[in-house]
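A closer look at the structure
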Amino acid sequence: TAQCVNKDSIFITVDTKPELTITGNRDLCYGESTQLLCQGADSYEWIPNIYIDDYRSSSPVITPEKPIDYIVRAIKGACTTEKNPEASAPIPVQNA
């Protein structure tokens, strides 16, 4: 007896979660700006997207008007991760 055999294969790529490095000044006075820098992924999204010049940039400039916590969502390959850079700012300056 003749036997028919079909075979197929699939290649699976296993990506690793991005390991993020985030830098930037975390202590600001009202009206000041700072540049945040996130490295380790292919694309980025900063949340919330307020007081920020480009929320999809790896190096946005923020000019917050009140204390705020940002979270960066980063994608590398098929993996997504989120990290809080602890960029809370600003600290209002009182006039003397």
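Residues numbered from 1 in each chain as written. Predicted model: local features only at pLDDT ≥ 70, side-chain atom pairs only at ≥ 80, totals over all residues. Heavy atoms only, no water.

**A look at the overall build of the chain**
Broken down by element type, the chain carries zero helices and seven strands. For the chain, the succession of helices and strands along the chain, N to C, is β-β-β-β-β-β-β. The buried share of the chain, reckoned over its 96 residues, is 26%. Sequence separation of 24 or more characterises 48% of the internal contacts of the chain that already satisfy a separation of 6 or more. In the form shown here, the chain has an accessible surface area of approximately 7000 Å², with 48% of it arising from carbon and sulfur atoms. (Helix = DSSP H or I, 4+ residues; strand = E, 2+ residues; numbered from the N terminus. Buried < 20%, exposed > 50% of the residue type's maximum accessible area, 1.4 Å probe, protein only. Contact = heavy atoms within 4.5 Å. Areas by Shrake-Rupley, 256 points an atom, 1.4 Å probe, with all protein chains shown as cover.)

**Details of the pairing of strand β6 (residues 71–76)**
Walk down a regular strand and you will see the side chains alternate between the two sheet faces. Summarising the sheet, strand β4 (residues 43–47) and β6 pair through five bridges and their orientation is antiparallel. By the bridge assignment for β6, Tyr-44 is matched with Ala-74. Pairing of β6 with strand β7 (residues 79–83) involves five bridges; the strand directions are antiparallel. Bridge assignment links Arg-73 to a residue of β7, and that residue is Glu-82. Taking the residues between adjacent antiparallel strands as the criterion, β6 and β7 are bridged by two residues, where Gly-77 takes a positive phi near 65 degrees. (Pairing = 2+ DSSP bridges.)

**Side note on the pattern of salt bridges**
Taken as a whole and assessed by the stated rule, the structure comprises two salt bridges. As a salt-bridge pair, Glu-45 and Arg-73 come within 3.4 Å of each other at their nearest N and O atoms. On the criterion of sequence distance, the pair formed by Glu-45 in strand β4 and Arg-73 in strand β6 is long-range, its members being 28 residues apart. You can call Glu-45 partly exposed: its relative accessible area is 21%. Measuring nitrogen to oxygen at the nearest pair gives 2.8 Å for the salt bridge that ties Glu-82 to Arg-73. (Salt bridge = Lys/Arg side-chain N within 4 Å of Asp/Glu carboxyl O.)

**Considerations on the side chain of Ser-57**
Mapping Ser-57 onto the fold places it in the loop between β4 and β5 (61–62). Here Ser-59 takes part through its backbone nitrogen, which lies 2.9 Å from a polar atom of the side chain of Ser-57. Leave out the neighbours within four places in its chain, and Ser-57 touches Tyr-44 and Trp-46. (Polar contact = N/O pair within 3.5 Å; in protein donor to acceptor, adjacent residues only side chain to side chain.)

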